[in-house]
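Now for the letters of each chain:
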Amino acid sequence: MNQIDWKNLPFGYFKTDYNVRCYYHDGQWGELEISSSELISMHMAATCLHYGQEAFEGLKAFRGKDGKIRIFRMDENWKRMNNSARGIMMAEVPWELFHKAVLTVVKLNEKYIPPYGEGASLYIRPLLIGTGPQVGVKPAEEYMFLVFAGPVGPYFKEGFNPVKMEIVRDYHRAAPKGTGHIKVGGNYAASLVPAHRAHQDGYASVLFLDAAEEKYIDEAGPANFFGIKGNTYVTPSSRSILPSITNKSLQELAKEIGMKVEVRPVPVEELAEFDEVGACGTAAVISPICSIIDRDTTHGYHYCKESKAGEISTRLYKKLRAIQEGEEPDKYGWITIVE
Ligand SMILES: *Cc1c(COP(=O)(O)O)cnc(C)c1O
C-alpha cells in the first residue's frame, strides 16, 4: 500500500482490507464472517432498497500517544442502533455480536489507524439493512449487519475552524412524530437537497427548525446544535433530534468544568443571546459556528472574534479529544482499549 497522507485525509470512504458481515434468517443471527470484498449481493426486492429498512452508526477508534487503540463509547452506538432497529421494525443486534464485529474490523484494519497527533482517526461504520424480499410494505424477514472502517480526517474541511450555517424553512429534515430520533437513511435523504444548496451558497451546513412550528432549532445538518451562554451549555430537546453521543459527552464535560447544562427547546431568536455556538457529532466532535444566516430574512448572527472558535468550545473540544486519545483519564468509562 502507498504511504497514506494522514494530514490531508478527507472525511470520506477509504478502501481498506476487510469488513465483517453477519446474516439474520429463520429468526436468528449466524456467524460473523470476514470479507475482503467491497460489494454485497442481495435480493432485488430487499426492503432496504424499497422501503428504507436501513439504519447505520458511526464511531471512531483513535491511536493514543501511548500507542494503544481506543474506541469511544461503542456501547452507546450499539444501544442507539437497536433503538433505530426497533423504530423501523428490523432485527436487533446482540451486544456480543456488535462488540465482536467492531473489534474484529478494527484489528483487521489496524494499519489504517492514523498515527497519534495527525488529527485523523479510524471511522467505523456499522450498517443494518433489511435484505429479505417484500413487495407489500412489510418488514423483511432477513437482515444483514455489516461493519466497515476507514481512516478519516476532520468532517468539515475547515477542521476546528469556525464555519457558516444557514437557517432554512423551505425544507424539514424530519417530521415531528417521524423518524428524526433514529439514525436511519430516510432522514438523510430528506436533507440532501437543502444541504447541497447550502454548500453551493458557501455554507458548511444548514440549521433545520422544528417541523411543527418552525420556531425552535432542531439540528445542525448531520450534527446536534449547542450554544454557550455565560456559564451555561444549552442544547435543544425535541423528539425529532437524533440523540448525539458526542453531545451527551460534551454535556458531561461541561458539568465537570462547572457549567450548567440546559436541554430544552431553543427558539431561533435566542441565537442572538449566545456567546458561542457549534455543531457536534462523532465526525467533527465540535464544529464551531462563526455565523448563522437566516435564509428568509437574511438576518445574521455572528459569534467569532478573528474567525477563531470560542474559548469554551475550544476547551470542551480539547477535553473530549484528550479522553479519546488517552491523554486524560477515562473516568467515565467511555473507552474500550483494543488489545
Ligand atoms: C449521527 C448523527 C448525529 C451525531 O451523533 P453522534 O453520536 O455524536 O455521532 C447528530 N445528528 C444526526 C442527524 C445524526 O445522524
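Residues numbered from 1 in each chain as written. Predicted model: local features only at pLDDT ≥ 70, side-chain atom pairs only at ≥ 80, totals over all residues. Heavy atoms only, no water.

## Points about the overall build of the chain
Then step 1. Within the chain one finds six helices and 18 strands.
Then step 2. Here the chain has a C-alpha radius of gyration of 20 Å; the compact-globule value for 339 residues is 20 Å, and the two agree.
Then step 3. Dimensions along the principal axes, computed over C-alpha positions, put the chain at roughly 55 × 50 × 35 Å.
Then step 4. Counting only contacts in the chain whose residues sit at least 6 apart along the sequence, the fraction spanning at least 24 positions is 71%. (Helix = DSSP H or I, 4+ residues; strand = E, 2+ residues; numbered from the N terminus. Rg over C-alpha atoms; globule rule 2.2 N^0.38 Å. Contact = heavy atoms within 4.5 Å.)

## Observations regarding a nonpolar patch on the surface
Then step 1. On the surface, a nonpolar cluster with roughly 330 Å² of combined accessible area is contributed by Y51, V135 and V137.
Then step 2. Along the polypeptide, Y51 turns up in the loop between α1 (47-50) and β4 (54-56).
Then step 3. For Y51, a relative accessible area of 34% puts it in the partly exposed group. (Patch = residues over 30% accessible without salt bridge, like charges linked within 9 Å, V, L, I, M, F, W, Y side chains within 5 Å. Areas by Shrake-Rupley, 256 points an atom, 1.4 Å probe, with all protein chains shown as cover. Salt bridge = Lys/Arg side-chain N within 4 Å of Asp/Glu carboxyl O. Buried < 20%, exposed > 50% of the residue type's maximum accessible area, 1.4 Å probe, protein only.)

## Some thoughts on the site of the ligand
Then step 1. Close to the ligand lie 14 residues, the nearest being K183, Y188, S244, T246 and T282.
Then step 2. Between E219 and the ligand, the recorded distance is 2.7 Å, taken from a side-chain N or O atom to a nitrogen atom.
Then step 3. T282 places a side-chain nitrogen or oxygen 2.6 Å from an oxygen atom of the ligand. (Near = heavy atom within 4 Å. Polar contact = N/O pair within 3.5 Å; in protein donor to acceptor, adjacent residues only side chain to side chain.)

## Some remarks on the side chain of Q324
Then step 1. Tracing the chain through its elements places Q324 in helix α6 (residues 311-324).
Then step 2. Assessed through its relative accessible area of 5%, Q324 is described here as buried.
Then step 3. Not counting the four nearest positions on each side in its chain, Q324 is found in contact with F62, R70, F72, V285 and I335.

## What to know about the state of the cysteines
Then step 1. Under the counting rule described, the total for this entry stands at one disulfide.
Then step 2. At a sulfur-sulfur separation of 2.5 Å, the disulfide partner of C290 is C304. With a gap of 14 residues between them, C290 in strand β16 (residues 285-294) and C304 in the loop between β17 (300-302) and α6 connect regions that are remote in the sequence.
Then step 3. C290 sits in the buried class, given a relative accessible area of 17%. (Disulfide = S-S within 2.5 Å.)

## Section: helix α2 (residues 74-87)
Then step 1. Compared with the 20 Å implied by 1.5 Å per residue over 14 residues, the 20 Å span of α2 between its first and last C-alpha is a close match.
Then step 2. Regarding α2, the residues found buried are M74, E76, N77, R80, M81, N82, S84 and A85.
Then step 3. The first or second residue beyond α2 is M89, which carries a positive phi of 55°. (Expected span 1.5 Å × (residues − 1).)

## Some details on the side chain of S121
Then step 1. Relative to the assigned elements, S121 resides in strand β7 (residues 121-130).
Then step 2. Residue class for S121 comes out buried when judged on its relative accessible area of 3%.
Then step 3. Not counting chain neighbours up to four residues away, the residues in contact with S121 comprise K60, A61, F62, P114, G150, P151 and V152.

## Considering the domain arrangement of the chain
Then step 1. Once the domains are mapped, the chain shows domain 1 (6-152) and domain 2 (163-324).
Then step 2. Computed from C-alpha coordinates alone, the two centres of domain 1 and domain 2 are separated by 26 Å.
Then step 3. Counting residues at the interface gives 21 residues for domain 1 and 17 residues for domain 2.
Then step 4. Where domain 1 abuts domain 2, roughly 1700 Å² becomes buried across the two surfaces, and 61% of that area is made up of carbon and sulfur atoms.
Then step 5. On the domain 1 side of the interface with domain 2, the three residues burying the most area are F56, F72 and R80, jointly 35% of the side's total. (Domains from an automatic or database assignment. Buried area = accessible area lost by both parts, 1.4 Å probe.)

## Observations concerning the packing of aromatic side chains
Then step 1. For the structure on display, the rule yields 14 aromatic pairs.
Then step 2. A centroid spacing of 6.1 Å and a plane angle of 65° characterise the contact between F14 and Y112, whose relative ring orientation is edge-to-face. Residue F14 is located in the segment before β1 (19-25), and its partner Y112 is located in the loop between α3 (95-108) and β7; the two are separated by 98 residues in the primary sequence.
Then step 3. Residue Y112 is classed as buried on the basis of its relative accessible area, which comes to 5%.
Then step 4. Grouped by ring-pair contacts, the aromatic residues Y24, W29, W78, W95, F98, Y143 and F145 constitute a single cluster.
Then step 5. The positively charged end of K164 is found above the aromatic ring belonging to Y203, 5.0 Å away from the centroid.
Then step 6. Over the face of the ring belonging to F274 we find K229, whose NZ or CZ atom lies 5.7 Å from the ring centre. (Phe/Tyr/Trp six-rings, centres within 6.5 Å; stacked < 30°, edge-to-face > 60°. Lys NZ or Arg CZ within 6 Å of the ring centre and 35° of its normal.)

## Focus: unusual backbone geometry
Where the residue is not glycine, phi is negative for most of them; where a peptide bond is considered, it is trans in most cases.
Then step 1. In this structure, R73 takes a positive phi of about 45° despite not being glycine.
Then step 2. Within the element layout of this structure, R73 appears in the loop between β6 (69-72) and α2.
Then step 3. The phi angle at T298 is positive, at roughly 60°, despite the residue not being glycine.
Then step 4. Topologically, T298 is positioned in the loop between β16 and β17.
Then step 5. The exposed category is assigned to T298, whose relative accessible area is 61%.

## Examining the pairing of strand β12 (residues 224-229)
Then step 1. Burial within β12 is extensive, with five of its six residues counted as buried.
Then step 2. Sheet topology note: the β12/strand β15 (residues 276-281) ladder contains five bridges and is antiparallel. The residue bridging F225 from the neighbouring strand is A279, located in β15.
Then step 3. When β12 meets strand β13 (residues 232-235), the two strands line up antiparallel, connected through three bridges. Bridge assignment links G227 to a residue of β13, and that residue is V234. (Pairing = 2+ DSSP bridges.)

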